[in-house]
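Close look at the chain arrangement
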Amino acid sequence: LCTRGGDVLRSDGKSVRFSENLERASSVVRTEAVAEMTQGLRENGIVKGWRNELVPVATGFGETPKFLVERAVYPILGAKGYGVHVNGFCKTQTGLSLWVAKRALDKPTWPGLLDHIVAGHQPVGMTPSENVIKEAGEEAGIPEELARTAKARGAVSYRGQDEDGRLKNDVLFSF
């Protein structure tokens, strides 16, 4: 499965851990080793939707990352992912309406399906509120002034399947 990257992981039959030399290594060294290994997964067609976007793998949100990994890979490693989702409401003549977006047809995941007005994976070094502002501009052309009015409403944890049927363990910060 992992034909590149050398001695990165080991298994005792019950769990998978870093090899002994990486157990004590810095997060930078681990990130480099995991990147080499996961590039092999990409080359073998196991990982699809590669984005060149690193996300943290940590024991919890806001904790110091053990390493960073390509966004398309984290579910394969069983890591928890984090993101922001924004629901938009509009006042109309008939009352309050939910603003629903349609995903672009060229998206690597769930193309053409209905979605929140703004959604995005949580990057390293940014708060969820900062990410909402960034994603609102990138995805929906929403001006920063309006995006700043989004109110954090909680978080939703879920386990589901990605488009290839692999388990995903995610937390969505809801606005």
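Residues numbered from 1 in each chain as written. Predicted model: local features only at pLDDT ≥ 70, side-chain atom pairs only at ≥ 80, totals over all residues. Heavy atoms only, no water.

Overview of the overall build of the protein
Across its full length, the protein holds 4 helices and 12 strands. Expressed as lengths along the three principal axes of its C-alpha atoms, the size of the protein is roughly 65 × 30 × 25 Å. Here the protein holds 175 residues, and the buried ones make up 34% of them. For the protein, restricting intrachain contacts to residue pairs at least 6 apart in sequence, the fraction spanning at least 24 positions comes to 43%. (Helix = DSSP H or I, 4+ residues; strand = E, 2+ residues; numbered from the N terminus. Buried < 20%, exposed > 50% of the residue type's maximum accessible area, 1.4 Å probe, protein only. Contact = heavy atoms within 4.5 Å.)

What about the packing of aromatic side chains?
According to the stated counting rule, one finds 4 aromatic pairs in the structure shown. Their ring planes at 80 degrees and their centres at 5.3 Å tell us that Phe18 and Phe67 sit as a pair that is edge-to-face. Separated by 49 residues along the polypeptide, Phe18 in strand E2 (residues 16-18) and Phe67 in strand E4 (residues 67-70) bring together distant segments of the chain. This pair shows no difference in class: Phe18 is buried, exactly as Phe67 is. Taking 6.1 Å as the distance between ring centres and 15 degrees as the angle between the ring planes, the aromatic pair formed by Tyr82 and Phe173 counts as stacked. Of this pair, Tyr82 sits in strand E5 (residues 80-86) while Phe173 sits in strand E12 (residues 167-174), placing them 91 residues apart in sequence. Residue Tyr82 shares its accessibility class with Phe173, and that shared class is buried. In textbook terms, an aromatic cluster arises when at least three aromatic residues are bridged by ring pairs, as seen for Phe61, Tyr82 and Phe173. (Phe/Tyr/Trp six-rings, centres within 6.5 Å; stacked < 30°, edge-to-face > 60°.)

Here's the deal with the sheet that holds E5
Pairing is mixed across the open sheet formed by 4 strands, whose spatial order is E10-E5-E12-E11. With one partner strand each, in any of the chains shown, strand E10 (118-121) and strand E11 (154-161) form the two edges of the open sheet. With strand direction ignored, the average angle separating the axes of adjacent strands in the sheet is 25 degrees. In the sheet, E5 pairs with E10 via 4 bridges, with the strands oriented antiparallel. Bridge pairing in E10 places His85 opposite Ala119. (Pairing = 2+ DSSP bridges. Axes fitted to C-alpha atoms, helices over the stretch in contact; angles between N-to-C directions.)

Points about the pattern of salt bridges
Counting across every chain of the model gives 8 salt bridges. Two residues, Asp170 and Lys168, come together in a salt bridge whose shortest N-O distance is 3.2 Å. Taken together, the shared-partner salt bridges connect Arg10, Arg17 and Glu23 into one network. (Salt bridge = Lys/Arg side-chain N within 4 Å of Asp/Glu carboxyl O.)

Some thoughts on the side chain of Asn131
Its location among the elements puts Asn131 in helix H3 (residues 128-140). Judged by relative accessible area, which is 0%, Asn131 ranks as buried. Each residue touching Asn131, except ones within four places of it in the same chain, is listed here: Val84, Gly120, His121, Gln122, Pro123 and Met126.

Some thoughts on H3
Taking 1.5 Å per residue as the helical rise, H3 with its 13 residues ought to reach 18 Å, and the 17 Å between its terminal C-alpha atoms agrees with that figure. Restricting attention to buried positions, one finds in H3 the residues Pro128, Asn131, Val132, Ile133, Glu135 and Ala136. Trailing H3 by a residue or two, Gly141 shows a phi angle of about 65 degrees, which is positive. (Expected span 1.5 Å × (residues − 1).)

In short, geometric facts, not functional conclusions.
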